Protein chains: 2
Amino acid sequence: MITAEPRAAAPRVRIAGVEPCVDCGRYAAKRVAGDPVEVAAVVVVDGHEQVRAELRFRRVGAQRWERASMTPSEHDVDRYVASFVPDETGTWEFSVSAWIDAAATWRDELRRKFEAGQNDLSAELAEGAALLEIDVSDIAEVETALATTDTVEVSRAALARALTVTVEPERAAFGAWYELFPRSFGGFDGVAKVLPELVDLGFDVVYLPPIHPIGRTNRKGRNGSLTTTADDPGSPWAIGAAEGGHDAVHPDLGTLADFDRLVARAHDVGIAIALDFALQCSPDHPWLREHPDWFAWRPDGSIKYAENPPKRYQDIVNFRFDGPDADSLWTALLGVVEHWVAHGVRIFRVDNPHTKPFAFWEWLIAAVHAEHPDVVFLAEAFTRPAAMSTLAKLGFSQSYTYFTWRNTRAELTEYLEQLSTQADWFRPNFFVNTPDILHEYLQHGGRPAFEARAVLAATLSPSWGMYSGFERGLNTPVRDGSEEYLDSEKYEIHEGAVGGELSPLIRRLNEIRRSSGVFRRLDNVTFVDTANDALVAYVKGGGHDVVIVCVNLDPYANATGLLTLPDTLDLPLGFVATDLLTGVEYGWHVGDNFVQLGPGGAHVLAVR
Amino acid sequence: MITAEPRAAAPRVRIAGVEPCVDCGRYAAKRVAGDPVEVAAVVVVDGHEQVRAELRFRRVGAQRWERASMTPSEHDVDRYVASFVPDETGTWEFSVSAWIDAAATWRDELRRKFEAGQNDLSAELAEGAALLEIDVSDIAEVETALATTDTVEVSRAALARALTVTVEPERAAFGAWYELFPRSFGGFDGVAKVLPELVDLGFDVVYLPPIHPIGRTNRKGRNGSLTTTADDPGSPWAIGAAEGGHDAVHPDLGTLADFDRLVARAHDVGIAIALDFALQCSPDHPWLREHPDWFAWRPDGSIKYAENPPKRYQDIVNFRFDGPDADSLWTALLGVVEHWVAHGVRIFRVDNPHTKPFAFWEWLIAAVHAEHPDVVFLAEAFTRPAAMSTLAKLGFSQSYTYFTWRNTRAELTEYLEQLSTQADWFRPNFFVNTPDILHEYLQHGGRPAFEARAVLAATLSPSWGMYSGFERGLNTPVRDGSEEYLDSEKYEIHEGAVGGELSPLIRRLNEIRRSSGVFRRLDNVTFVDTANDALVAYVKGGGHDVVIVCVNLDPYANATGLLTLPDTLDLPLGFVATDLLTGVEYGWHVGDNFVQLGPGGAHVLAVR
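Model, not experiment: these values are computed from the prediction. (Residues numbered from 1 in each chain as written. Chains lettered and ligands numbered in written order. Predicted model: local features only at pLDDT ≥ 70, side-chain atom pairs only at ≥ 80, totals over all residues. Heavy atoms only, no water.)

S.K.: Explain the environment of Asp231(B) here, please?
M.R.: Tracing the backbone through its elements, the reader meets Asp231(B) in the loop between β11 (205-208) and α5 (256-269). As a C-alpha pair, Asp231(B) and Gly221(B) span 10 residues in sequence and 9.0 Å in three-dimensional space. (Helix = DSSP H or I, 4+ residues; strand = E, 2+ residues; numbered from the N terminus.)

Pasting the structure below:
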C-alpha cells in the first residue's frame, strides 16, 4: 500500500532558470550602480491558465521589496523579463514570483468562445460575475466583461529563491589605469605633481606598487640579482622593515600625511589612487617577531621562503593562513585594508591572490563591502582559468587577464568569446604591459605594435591599463626570450615621466571610450571576417550605438582586406563611417568593405 | 570599525559545476539501471597544491556511500571525472568531495626542485619525513622520497551538495511501442492472440487506450459526431459508467481476470502491456455522484465540460485538483495507479498531463516510485516546450514529442539539436502516428513517406512507436486539412489486425536497433551535409560503434547527393559501409560520398 501526503496547496505555477545567476546562486552576479539589471525567468503553468509574473528587488537590509511587472520576451513567450536599476552600491537581492490570474484566464476563455461564435455564454458570464464580484449576465455584456481589467489571484503564488547582485561603483567595471612607481617620481609629492597630466591623458586610476618600508635581508639587486650594493632600493613587494609593515609608508616616499595629501589632490583632479595589497613579508617585517605563528617554519627552525619551483623568492616569506593563530592573522590583514580605506583609498590591486585561500578573500571582501561597498578589488592572478574565474566569483571586482599573451586574430577571437561567457562575474582589465610582462610582440614590433595593442585593449575591454613607459615605447628586455624589462624599475629607481610619442593616441582612445556606451560592456562584441588574418575586426554594440574596429596586427607591413558586415547585425544597408581616430569619413555598407591599414594601424569607426 | 569572524577552517578546495545536474539539483537526472553515470566537477584550489577528488554514490536509503577516485579529464585539467553504475532502479544520490593531498604536493615541489638541479634538499626531505611520519633517513635519497605513495589529507575536505539520479528500467529509455484498441481485436483474449506477432515484429510495448466502462451521456458518434446511434461504442477516453470507473474494465473487453491473463501472457512472450492513465470522467462516472467536490460546478449547478475554446469535449468533465476535497481526490487517483500496478501493469501512458497540476504529477510519480521504482510514465503532452520540459523534469520517464510535425531536413536537424540539450531529463518517444495525428506528409506521400518516417523515428530516438494501421499504410483523413483519421477508431470498432506491407521494414528496424548501442542514446547524433535538402543524413555514435543513416525525405522522386563525413568524427579514412537494411556493401571514406536513394528510401550503414 502506497502512502503519501497529497500536496494540493502547492503553487500551480513553476519558475525556473532565473537570471542572472552564478553557480546556482552560490555567488552574486556583478553590476554597476545606475545600470539596469535585466532579470529573466521561465514561468510555466499547467493547462491554459493565464499567468502573471513579478520581479521583486531590494537592497539587502531594506525593509520592503520593490516590484516590477514582468512580460513575456519577444522570442520566447515562456520567458518573462523585467529590469530594475540599483541606485546605490552594495548587495541587492531579487526574486521572481508568479501566479495564475483567474480573471485574465476567464477573459481569455470568454474571448475565444465569443470569437468562435458561441451563442450561449450566460454560464460563462455568471462565472465571471462571481469571480469579479460584478453584475454581467447577458450576452450583450460580453464586451463589457472583456473590457474588465481586474486581476484575481488564485492558488498560491510561486516564489523563486532570491538571488544576489553585487552593485559596485562605475570604476569597478570601467576605467583606464596607469601604473607608476612613486619612488621614480620623487615620492608622493612628485606623484601629485603629475596627476593633471594623467587626467589630461584620460586616465581614471593611478596604481602604485607597494608604498611600504622594504626589507634588507636577502634584498634583490639590479635586474633581480641576489647580490646588492648599499644603494639598491630593493623590490617594493618585499614588504616590511624596521620602519614598519603593511600599514606604514616608506620614509623615502614621504609621510602618511603626505600620502593623505596625494589622495586628496587626486580626488580634486578626478583620478583615483589604487594601492597594491600584497600579502607577503620581507624577513625583516615586524610581524615575524611579533606573530611567529602567522608564518610557516621548517622543522629545523628556519623559515620557508616563497617559491614556485624552480623559481625562488628569497626576499619574501608567505603567511600561514591556516596556522594556529589564523584568526588573528585574518583580522590583522582586514585591518590593513581598513587602515588604507580610512586614508581615502577605494581601489586595491591585489598581488597574487590565487596563492592565498579562496575562503580568505571571500571573507575579507565581504567584510570590507559590508561597511564600504564602494571599495574595488582587482585580482592579479595569472593561473588556471578555473581559479581566476573562482576569484572573480567570490568577490573580486575585476581581474588581470591573459590579454598580453593573446596577439593573433585567432587568439583574440577565442579569448574574447571565452570571457564573454563569464560576463556576469568576471570583469577583465586589459593591461598592455606590466613591470613583469613585456611581451615579445612589443619587443620586436616597435611603435606599430604598441599602437595596435593600445587600440585593442582600449576598445575590447571596459577596463584597460598600462605601466608607465608604454607611452614612450620602452621595449628592451633583460635578455632575449625574457618578458622582464632590462634594468627593471622593480629593483631600481628611474627618472619617472608621464607621456611620450603615444600620448595623442592614448588621449584620443580614452576620449572615444567615454563617448559611447558600447565600450562599457565586454560581451557586446561580434568578430567579423576580413579575408586577411593580419586584420582583426569587430563590431561593438548594436541598434543605435555601434562602433566598428579594425586593427592591422602586423607591425611590419601594410594590410588590405575585405571587412564583411553580415546582415544579422541590423546595421543600415549603407552608412557613413567616421573614423574616430582621424575624423576621416568613409562610405560603408552591409557586405564587403575594402580596408587598407599601415603597420599596426587601426580604424575605430562610428556608424551614423 | 569592520568586525567579521574569520573562517580559517573553511575548506581550501572548491567544487563547482557538478554534473549531471538539472535545474541546480531541483530535479533528478535520469539514467537506466546498469548504464554508467558519468559524473564531472570543476575542482579548484589556491596556490600550487595537489588535490584529490572522489565521487561518492549510493542508492538513497543505503547506509554507506560507495566511492570512486576522480581523475582530471583529457581536455580540461580542472574538470575531474568518474562514473558509477547504479545496479538497481530507484533514486540514487551522488556527491563529490575534494581535498589537498599534502604528500603529493610535497613530492611535486621536491621533484620540480630536483629537476631544476637544486642541490641541498635536506630541509625538504626533513619536511617530508615529518609529513609522512617516517624516519628522515628512510627517505634520505630524493629518488626514494619521490617513490613514496602516501596520501596526507590536510585542511577540511570540500563536499559538494548531493544530487540525485532517477534510475529506471531499460524500457523507460529504450523501446518500440505499438498502440491498438483492444475492442477492435475482440477484447483482452483477442489481444493476447496477436502478442506473438507483435514480438515477431520486434515490439517491446503494447499500449492500450483506456479499457474502462464508457459513459453514455453526450457520447460521441462516428467521426466525433454529437449524435449517436445505439450501436456507437463511444470514445474510450470518456471514462466511467454505471459499470464502474477508472479501476473497472469495460464488460465488452472481458473481465479483470481476463486482463490478468493478458498481462501474464505478455510477460511470457516478452512484451509489456502499457495502460492509458486519463484523468477525466464521463458525466456518468460513479465519482460524480460519490464525490461531487472532486469536480467544478458552475454557479447554476451545471457541470463544466472539458474545453479548450473553441474546442469542446462534451463527453468528459475534468477533476478539480485544488478543490475542498483535493486530498481525497489525489489519494484516489494514486489508488488507481496502485490498483493497476497490483494487476501487473508497469507502464502508463498518461493522457494530457499538462492540463493537471505539476505538483500532482510530481507527488504521484514519487509516491509510486517509492514503492515501485520500475514503473514507467509516458507523458502525452503537446503544449509549450517549457511545459513539456517541466513534466519531464518532475518525473515522467519519457514524453511524446513534436516529431510528427518535423518533416523537413531543417526541422529535423533543429529539433534533434533542441532535444539533445535536454537529454539528462527529457526522453522522447517518437510516434510516427497516433489515433489523433495522421500528418499530411503521410496522407500525401503514401508508402515511401511511411518508410522514411519509420527509419527516422527508429534510428533517431531510443523510443519510437506507431498506432496500429501504420504498417498497412492507412492514410485517409476525415477531411482535407485534418489530421484526424476517417472513420476514426476512437469512435468505432474496427476489424483489428497486426502487420502489413511495412512489416519487413519494421521488423528489420527493430532488429537493427537492438544490434548496436548507438540507438540507445539520442544525443550522440551529428547531422552531416548532403548537398541536397531532400536527403537528411546523420552519424550516430562514435569510436568503434558508428552507424550512418541517410534518408530521402522526398516521397515522390529519387534523390542524389554527396554525403560529407567530416574528419572531426574520428572515422577511418576509408572503410566498408554495410547497409543493414539490404546487406549491400559500399566503399566509403571521410569526405564526400555519392548517395542515390529512391522515393522515401534509406541507407542505415554500419561502419566496419
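S.K.: I'm lost on the interface of chain B and chain A in this one. Help?
M.R.: Accessible area lost on assembly of the parts is the figure often given for the size of an interface. Contact with chain B, which involves 66 residues of that partner, is made by 65 residues of chain A. Between chain B and chain A the total buried area reaches about 5,900 Å² when both faces are included, carbon and sulfur atoms providing 58% of it. Interface area lost by chain B to chain A is led by Ile2(B), Arg14(B) and Pro309(B), which between them contribute 13%. Where chain B meets chain A, there are 16 salt bridges. The shortest N-O distance in the salt bridge between Glu307(A) and Lys113(B) comes to 2.6 Å. Applying the counting criterion to the chain B and chain A interface returns 21 residue pairs in polar contact (both at pLDDT 80 or more). When contributions to the side of chain B that touches chain A are tallied by element, the ones reaching two or more residues are β1 (13-19), β3 (37-45), α1 (102-115), α2 (122-132), β14 (305-308), α7 (326-342), α8 (358-371) and α9 (385-394) of chain B. By residue number, the principal contributor to the side of chain B that touches chain A is α8(B), which donates seven residues. Taken together, the residues of the side of chain B that touches chain A sort by class into 32 nonpolar, nine polar and 25 charged. (Contact = heavy atoms within 4.5 Å. Buried area = accessible area lost by both parts, 1.4 Å probe. Salt bridge = Lys/Arg side-chain N within 4 Å of Asp/Glu carboxyl O. Polar contact = N/O pair within 3.5 Å; in protein donor to acceptor, adjacent residues only side chain to side chain. Nonpolar A, V, L, I, M, F, W, Y, C, P; charged D, E, K, R; others polar.)

S.K.: Would you take a moment to explain the pattern of salt bridges for this structure?
M.R.: Oppositely charged side chains can form a pair if their charged atoms are brought close together. All names here are of chain A. On inspection of all chains with the given rule, the structure shows 92 salt bridges over all chains. Asp189 is paired through a salt bridge with Arg261; the nearest N and O atoms lie 3.0 Å apart. Taken as a pair, Asp189 in helix α4 (residues 187-200) and Arg261 in helix α5 (residues 256-269) lie far apart in primary sequence, 72 residues in all. Take Arg261: its relative accessible area is 46%, and that puts it in the partly exposed class. (Buried < 20%, exposed > 50% of the residue type's maximum accessible area, 1.4 Å probe, protein only.)

S.K.: Would you mind going over α1(B) with me for this structure?
M.R.: Residues lying three or four places apart along an α-helix face the same way, a consequence of the helix completing one turn every 3.6 residues. With 14 residues, α1(B) ought to run about 20 Å at 1.5 Å a step, and its terminal C-alpha atoms sit 20 Å apart, in line with that. If you follow the buried residues of α1(B), they end up packed against β14 (305-308) of chain A together with β4 (51-59), β7 (90-101), α2, α3 (142-146) and β8 (153-159) of chain B. Gly117(B), located one to two residues past α1(B), shows a positive phi value of around 85°. (Expected span 1.5 Å × (residues − 1).)

S.K.: Help me understand the pairing of strand β21 (residues 525-528) of chain B in this model?
M.R.: Along a regular strand, successive side chains alternate from one face of the sheet to the other. Residues and elements named next belong to chain B. With four bridges joining them, β21 and strand β22 (residues 535-542) adopt antiparallel strand pairing. Pairing of Val525 across the sheet is with Lys540, part of β22. A loop of six residues connects β21 with β22, the two strands running antiparallel in sequence, and Ala531 in this loop sits at a positive phi of about 60°. (Pairing = 2+ DSSP bridges.)

S.K.: I keep staring at the relation of the copies chain B and chain A and nothing clicks. Help me out?
M.R.: Two chain copies, one operation linking them: a rotation about an axis together with a shift along it. Overlaying chain B with chain A gives an RMSD of 0.2 Å, the required rotation being 180° about an axis along which the chain moves by 0.0 Å. A rotation of that kind, with that shift, is consistent with a two-fold axis. Closest to the rotation axis within chain B is the C-alpha of Cys24(B), separated from it by 2.9 Å. Same-surface contact between copies: 98% of interface residues of chain B are shared with the interface of chain A. (Least-squares fit on C-alpha atoms with pLDDT ≥ 70 in both.)

S.K.: Please explain the nonpolar core as it appears in this structure.
M.R.: One broad rule of soluble globular proteins: the nonpolar side chains tend to lie buried together. Ranked by internal contacts, the top residues of the largest apolar core, which has 137 residues, are Phe259(B), Leu364(B) and Trp464(B). The next biggest cluster of nonpolar side chains, apart from the first, holds 135 residues, and it includes Tyr27(A), Ala172(A), Leu438(A) and Ala457(A). (Core = buried A, V, L, I, M, F, W, Y, C linked by side-chain atoms within 4.5 Å.)

S.K.: Where do I start with the environment of Leu581(B) in this structure?
M.R.: All names here are of chain B. Structurally, the position occupied by Leu581 is in the loop between β25 (574-579) and β26 (585-589). Residue classification places Leu581 among the partly exposed residues on the basis of a relative accessible area of 24%. Sequence spacing of Leu581 and Arg508 is 73 residues, and the spatial spacing of their C-alpha atoms is 6.9 Å. Beyond its immediate sequence surroundings of up to four residues, Leu581 is in contact with Leu505, Arg508, Leu509, Ile512, Ala602 and Val604.

S.K.: It is not clear to me how the state of the cysteines should be interpreted in this structure. Could you clarify?
M.R.: Put plainly, two cysteines are in a disulfide when a covalent bond ties their sulfur atoms together. Following the criterion strictly, the structure yields one disulfide over all chains and no others. Linked covalently through their sulfurs, Cys24(A) and Cys24(B) form a disulfide whose S-S length is 2.1 Å. Disulfide Cys24(A)-Cys24(B): torsion about the S-S bond near -95°, hence left-handed. Of this pair, Cys24(A) sits in the loop between β1 (13-19) and β2 (29-32) while Cys24(B) is found in the loop between β1 and β2 (29-32), placing the two residues in two different chains. What makes Cys24(A) partly exposed here is its relative accessible area of 29%. Cys24(A) supplies the cysteine sulfur nearest to Cys21(B), a cysteine that is in no disulfide, at a spacing of 5.1 Å. Cys21(B) gets classed as partly exposed once you look at its relative accessible area, which sits at 29%. (Disulfide = S-S within 2.5 Å.)

S.K.: Before we go on, may I ask you to explain the packing of helix α8 (residues 358-371) of chain A against helix α9 (residues 385-394) of chain A in this structure?
M.R.: Helix packing for two helices is described by the angle between their axes and how far apart those axes are. All names here are of chain A. Relative orientation of the contacting elements α8 and α9 amounts to 25°, with a least axis distance of 9 Å. Taken together, α8 and α9 sit at an angle that is classed as roughly parallel. Once α8 is placed against α9, the crossing between them reads as right-handed. Residue-level inspection shows Phe358, Trp361 and Glu362 of α8 in contact with α9, the latter providing Ala387, Thr390, Leu391 and Leu394. For the contact of α8 with α9, a count of residues per class yields five nonpolar, one polar and one charged. (Axes fitted to C-alpha atoms, helices over the stretch in contact; angles between N-to-C directions. Parallel < 35°, antiparallel > 145°, perpendicular 65-115°, else oblique. Left-handed = near helix turned anticlockwise from the far one by under 90°.)

S.K.: Could you clarify how one ought to interpret the sheet that holds β14(A) in this entry?
M.R.: In any sheet, the strands associate via hydrogen bonds between backbone groups, in a parallel or an antiparallel arrangement. All names here are of chain A. Ordered by their spatial adjacency, three strands build an open sheet running β13-β15-β14, and the pairing between neighbours is antiparallel. Strands with a single pairing partner mark the edges of an open sheet, and in this sheet they are β13 (280-281) and β14. Alignment of β13 against strand β15 (residues 311-318), held across two bridges, turns out to be antiparallel. The residue bridging Cys281 from the neighbouring strand is Val317, located in β15.

S.K.: So what exactly am I meant to see when it comes to the packing of aromatic side chains here?
M.R.: Both the distance between ring centres and the angle between the ring planes are used here to describe each pair of aromatic rings. Overall, the coordinates contain 64 aromatic pairs over all chains when judged by the stated rule. Both rings, one in Phe450(B) and one in Phe470(B), keep their centres 4.7 Å apart while their planes meet at 40°; by these two values the pair is tilted. Here the residue Phe450(B) occupies a position in helix α11 (residues 440-460), and Phe470(B) occupies one in the loop between β20 (463-467) and α12 (503-515), the gap between them amounting to 20 residues. No difference in accessibility class separates Phe450(B) from Phe470(B), as the two residues are buried. Sitting over the ring of Phe403(A), Arg453(A) keeps its end group 3.9 Å from the ring centre. (Phe/Tyr/Trp six-rings, centres within 6.5 Å; stacked < 30°, edge-to-face > 60°. Lys NZ or Arg CZ within 6 Å of the ring centre and 35° of its normal.)

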